[in-house]
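Structure assessment
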Amino acid sequence: MISAMGLGGLAMESTTRMVLSVVGMVILGFMMLGFFSNAESVEKSCTHNSSMVGFSGEFKMVQHQLRGLMTVLDDCSFRVTNFDMIEGSEVIWWGAHGDDFQNLTEGFIVSEEKLNRTYKNDSMVVRLSNYTFDQFSVLGVWDVTTASDFGHVLLEVANDSVGVDDGFTLAPSPAPAPSNENGSEYRIKRGAKQPVMFDSCIELATNFRLRWSLNRARDVIDIGLEAVVSERHYLAFGWARPKSLSRPMLHADVAVTGFTDQGHPFADDYYITKYSECVLNKDGGPSGVCPDYVYADSEGNSEVNNTRLVYGQRQDGVSLIRYQRPLQSADAEFDVSVNATDNMSVIWALGLMRPPDSLRPLYLPQNHGATYGHTTFRVADIVDKCLGPLEAETKDDRAIIVADGKSSLIVGADNAVHYPNPPNPLKVLYINKKEAPSLKVERGVPVTFSVQAGHDVAFYITSDPIGGAASVNKTQNDTIYAGGEDAHGVPANPFELKWTPDRKTPDQVFYQSFYEKKMGWKVQVVDGGLSDMYNSSVFLDDQQVSLFWTLSETSISLAVRGERKSGYIAIGLGAGMVNSFAYVGWVDGTGKGNMGTYWIDGRESSKIHPTEEKISDLRCRSENGIITFEFTRPLNPQCSGKNYCKNIIDPSTPLKVVWAIGALWSEEHLSERNMHSETSTRAVLVHLLRGAAEADEALRPVLAVHGFMMFLAWGILLPGGILAARYLKHVKGDGWFQIHVYLQYSGIAVMLLGVLFAAAELRGFYIRSLHVKFGVAAILFACAQPVNAYLRPKKPTTEEMPSSKRILWEYLHIATGRSAVVIGIVALISGMRQLGDRYGIEHVKGLNWALILWFLVGAMAVVYLEYRESKSRKIFRSASRSNWVMENNEDDDSLDLLHSNRPFPTEQSHRPSQGMEVQLEPMH
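Let me begin by describing the structure that accompanies this report.

Once that is clear, we can look at the overall build of the protein chain. Of the regular secondary structure elements, the protein chain holds nine helices and 50 strands. Buried residues in the protein chain amount to 44% of all 924 residues. When contacts within the protein chain are restricted to residue pairs at least 6 apart in sequence, long-range pairs at least 24 apart make up 63% of them. Accessible area for the protein chain stands at about 49,000 Å²; split by element, carbon and sulfur atoms hold 56% of it.

See the structure below:
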């Protein structure tokens, strides 16, 4: 039974597995059917209905050495072959309705695929995104950042027949023609031929290439010479004379090509009789490297130049000249016939070219230098040994105008001829009569533009490479550095625009028109010298480090430069590196500049603590091992709770600076081994306001004299004068008054003399520190006292009531004097504090205690004198109630008009006396 049940269970399990397998296969079949159905729908979505299917066209090279052949595969994809391009910034496939400026700039992205690298003979298939070829007529390679057209294909069929005068040969037909949906082949449709495309290419030398296309039907060959050279160089290529291999250049048939001073290409047929420039011999005949027609003219024949210029361009620092010549030449004397199927010897050279002058009205090769040679090849072969585009180190060799800050740059507008960043409008900006040149300006050096481009062209300096601020979206991040919609003028009434680039100006900006896009070009901003970019500079101690700075109302911009090679450089704000706020600039192993802020509370590496201090405009660089770093920080950090919040810079107080340099700095793994190797011997006092520095040392004698005079004035003389007026009125006569006046005038004189000593020592008078503000207030109050005394109203007699003016004067005189002394004492205390900030608290600690002790003694003396005065008043009041009271009519100025117990004359005391009356009362 058990066995039967076991067998039944196994049978049921097997059946269940079979059913599940069948269900799974059905589900899988449906999924695969859905997948293939979707795939078929995707495939069918790309139809072959467009009239452009089968179109094949060459890219027109505009920039970045772009070449290639594109073929339309279907309604939404195309193939690109033999594709060359130098890398751009943000390059995409671009569609437009025309190849003019307006249509290209208003184009649209047609594919999500990015062209984000340099391409070298690459092939690819590109799929359009939500577009078909019937929706645009130009397919381009576009740099979005600079709105630049690198190259494009015009999607229209050109005439298949090639005339004798067009100069181009047919490109090889692409392999098998694709089929349409019905399986029938369609006819290849060709676009316009481009002069930069050839059938074959070999390298003659580094950065020098030979390209050619052979047309046997017309018995011509198109030669392309391409090299990374300057505009002043020639490119030469030709055939050597058979049987002249020992000296192949002599009697060779050579084409010399290049560009004139005006930028126009040329290609001429030359003949070589010896290794020298073309000269006329004594007999009048030419010799050297001369054009064929120069030799032929001596024989009365000038129809010998069989080299015909087809095309020439200079793009991205690369020269390309295309010319055409017949294979078989009728000029057997100066030319060499070319056999397409034979290996033939050729020669080539690069060198400087002499422009025409009064003696030689020709562009003549001077010398080939070290770039020349000869080889053999067969023109009938189809070869391509050139990998990718030629790439020059300096891609922009156009005229660069350097602004010197002395003469104005004339800004005009004229027709575009060789605009450096196509596409462009018909009119572009000219500076000093040069079409859209590159400008070079120095930070800190003012530049003046005389804008004369017309009232419809407003000039401005911007961060936007496209310009046209008035026509772009207002949300675009466009920083305007100078100029704007009002910067327009004409030659009769130019607009003068002044611009001074500073250290915050980027290394590259652009000059453009405010109303029209892409009329200007770029401005290179360089560091012309830190002294130009900053208002003040000093050498720190030992002249190992230079410090530059510029002050504003709320911030300070600093630059620190080492005067010898190092791995890092640091400055600290304080009397020493310990307990200082440090700023460190260094260059890491990748060559990148870095900067950090630190709080240092010890001599070990563990005592160097990074901070989060708010600094901006950071720059750090190394030139030949010399490190320079720059930054901007607020004078008074607006924060609390952090130690760097106490890092306050008071421009009126000398700033203590120390420095250190070393071979290595590591923010993550700092140790004693890579800390400083050399430091300053002592702190330097930097006077930010007057741009000077001095070594930190003991108290300077002149400042000591200033402090002593201020103590003598505000601590002894002026308070002594007040005490004399307060407590010496019991002295008979006017002795108290004389003492009061002499002490006050002496105190004022000593005070003013002390101010002169301080101004002479600090070389200026700056009312910015708290000490100076209190001092000025005290001086004003003190100097007001003699004026106040001069305007004193008449003192009343004993029989008279004091006038309101006299009472008001006494209140004002006493209040002003006492206020002056209080403010003067505060100025003394703040002065001692400033002296401690300048020379260190250890230098003035004794003086502070002496000052405190003096004021304590003075306060105790005042308390004692006030006690005696109060006791005398009690005695006086007792005497007034004595038995004998006799009226005293003597004019006594010892009475204090402001005293609360002062006796005022009564109405009875002013009655006329009927005789002397003596009243006797018992004495208490």
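Here strand β25 (residues 400–402) pairs with strand β29 (residues 438–442) via three bridges, running parallel. Bridge assignment links valine 402 to a residue of β29, and that residue is lysine 440.

Counting 29 residues, the largest nonpolar core has Leu210, Ile223, Phe237, Trp239 and Val379 as the members making the most contacts within it. Counting residues per element, the ones that place at least two in this core are β11 (200–205), β12 (208–215), β13 (220–227), β14 (233–239), β15 (253–259), β21 (318–326) and β22 (344–354). Discounting residues that sit within four places of it in the chain, tryptophan 239 has contacts with Ile223, Ala252, Asp253, Arg325, Val336, Val338, Met344, Ser345, Val346 and Val379.

Moving on: unusual backbone geometry. The peptide bond linking proline 422 to proline 423 adopts the cis configuration, its omega dihedral lying at 5 degrees. One can find proline 423 in the loop between β26 (409–415) and β27 (427–431). The backbone of aspartate 219 shows a phi angle near 60 degrees, a positive value even though the residue is not glycine. On the secondary structure map, aspartate 219 appears in the loop between β12 and β13. At asparagine 624, a residue that is not glycine, the phi angle is positive and equals roughly 55 degrees. On the secondary structure map, asparagine 624 appears in the loop between β43 (616–623) and β44 (626–634).

Residues three or four positions apart in an α-helix share a direction because the helix packs 3.6 residues into each turn. For helix α7 (residues 770–790), built from 21 residues, the straight-helix expectation of 30 Å at 1.5 Å per residue is met to within 8% by its first-to-last C-alpha distance of 31 Å. When we look at burial in α7, the residues that qualify are Val772, Gly775, Ala778, Ile779, Ala782, Gln785 and Asn788.

Moving on: the packing of aromatic side chains. Counted by the stated rule, this structure contains 30 aromatic pairs. Arranged with centres 4.8 Å apart and planes meeting at 45 degrees, the rings of phenylalanine 581 and tryptophan 599 form a pair that is tilted. Separated by 18 residues along the polypeptide, phenylalanine 581 in strand β40 (residues 580–587) and tryptophan 599 in strand β41 (residues 593–600) bring together distant segments of the chain. There is no split in this pair, since phenylalanine 581 and tryptophan 599 are both buried. Grouping aromatic residues by their ring pairs yields a cluster made of Phe59, Phe78, Phe83, Trp93, Phe108, Tyr119, Tyr131, Phe133 and Phe136. Taking the ring centre of phenylalanine 198 as reference, the NZ or CZ of arginine 322 above it sits at 4.2 Å.

Before going further, it helps to spend a moment on the environment of isoleucine 321. Tracing the backbone through its elements, the reader meets isoleucine 321 in strand β21. Beyond its immediate sequence surroundings of up to four residues, isoleucine 321 is in contact with Ile223, Gly224, Leu225, Thr257, Gly258, Phe259, Pro265, Phe266, Ala267, Leu309, Tyr311 and Gly312.

Side chains of Asp99, Asp100, Glu106 and Glu156 sit close together on the surface and give a patch of like negative charge. Locating aspartate 99 in the fold gives a position in the loop between β5 (91–96) and α2 (101–105). With relative accessibility at 42%, the residue aspartate 99 sits in the partly exposed group.

Okay, the state of the cysteines next. Applying the stated criterion to the full structure yields four disulfides. The partner cysteine of cysteine 46 in its disulfide is cysteine 76, sulfur to sulfur 1.5 Å. Between cysteine 46 and cysteine 76, the S-S dihedral sits near -130 degrees, and the bridge is therefore left-handed. You can see cysteine 46 sitting in the loop between α1 (2–45) and β1 (55–58) and its partner cysteine 76 sitting in the loop between β3 (67–74) and β4 (77–85), a full 30 residues away along the chain. Side by side, cysteine 46 and cysteine 76 carry an identical accessibility label, which is buried. Cysteine pairing in the protein chain follows 1-2, 3-6, 4-5, 7-8, where each cysteine in a disulfide is numbered by its order in the sequence.

Here we take up the sheet that holds strand β32 (residues 480–483). Where strands meet in a sheet, backbone hydrogen bonds hold them as pairs that are either parallel or antiparallel. Read from one edge of the open sheet, six strands run β25-β29-β35-β34-β31-β32, paired in mixed fashion. Only two strands of the sheet have a single partner each, and these edge strands are β25 and β32. Geometrically, the sheet is characterised by an average inter-axis angle of 25 degrees between neighbouring strands, direction not taken into account. Sheet analysis places strand β34 (residues 508–513) next to strand β35 (residues 522–526), joined by three bridges and oriented antiparallel. Counted as the bridge partner of valine 509 is valine 523 from β35.

Here we have five strands laid out as an open sheet, ordered β28-β27-β26-β30-β33, and mixed in their pairing. Each of the sheet's edge strands pairs with one partner strand only, and the pair in question is β28 (434–435) and β33 (495–499). Relative to strand β30 (residues 447–451), β26 is paired through three bridges, and the arrangement is parallel. Bridge pairing links valine 411 to valine 451 in β30.

Here the structure, examined in full by the defined rule, presents 23 salt bridges. A salt bridge links glutamate 277 to arginine 354; the shortest N-O distance between them is 3.0 Å. Taken as a pair, glutamate 277 in the loop between β16 (265–272) and β17 (279–280) and arginine 354 in strand β22 lie far apart in primary sequence, 77 residues in all. Classification of glutamate 277 as buried rests on a relative accessible area of 15%. Between arginine 619 and aspartate 527 there is a salt bridge, with its nearest N and O atoms 3.1 Å apart. Taken together, the positions of arginine 619 in strand β43 and aspartate 527 in the loop between β35 and α4 (530–533) put the pair 92 residues apart, joining distant regions of the chain. The partly exposed category is assigned to aspartate 527, whose relative accessible area is 26%. Among the ionic contacts, a cluster of salt bridges with common partners joins Arg443, Arg503, Lys504, Asp507, Asp527, Asp617, Arg619, Arg621, Glu623 and Glu630.

Between the C-alpha atom of aspartate 527 and that of arginine 443, which follows or precedes it by 84 residues, the distance is 5.5 Å. Other than its neighbours up to four places away in sequence, aspartate 527 contacts Arg443, Met533, Arg619, Arg621 and Glu630. Polar side-chain contacts of aspartate 527 include one of 2.6 Å to the side chain of arginine 443. At a separation of 3.1 Å, a polar atom in the side chain of aspartate 527 contacts the side chain of arginine 619.

Conventions used here
Residues numbered from 1 in each chain as written. Predicted model: local features only at pLDDT ≥ 70, side-chain atom pairs only at ≥ 80, totals over all residues. Heavy atoms only, no water. Helix = DSSP H or I, 4+ residues; strand = E, 2+ residues; numbered from the N terminus. Buried < 20%, exposed > 50% of the residue type's maximum accessible area, 1.4 Å probe, protein only. Contact = heavy atoms within 4.5 Å. Areas by Shrake-Rupley, 256 points an atom, 1.4 Å probe, with all protein chains shown as cover. Pairing = 2+ DSSP bridges. Core = buried A, V, L, I, M, F, W, Y, C linked by side-chain atoms within 4.5 Å. Expected span 1.5 Å × (residues − 1). Phe/Tyr/Trp six-rings, centres within 6.5 Å; stacked < 30°, edge-to-face > 60°. Lys NZ or Arg CZ within 6 Å of the ring centre and 35° of its normal. Patch = residues over 30% accessible without salt bridge, like charges linked within 9 Å, V, L, I, M, F, W, Y side chains within 5 Å. Salt bridge = Lys/Arg side-chain N within 4 Å of Asp/Glu carboxyl O. Lys, Arg positive; Asp, Glu negative; His and termini not counted. Charge placed at Lys NZ, Arg CZ, Asp CG, Glu CD. Disulfide = S-S within 2.5 Å. Axes fitted to C-alpha atoms, helices over the stretch in contact; angles between N-to-C directions. Polar contact = N/O pair within 3.5 Å; in protein donor to acceptor, adjacent residues only side chain to side chain.

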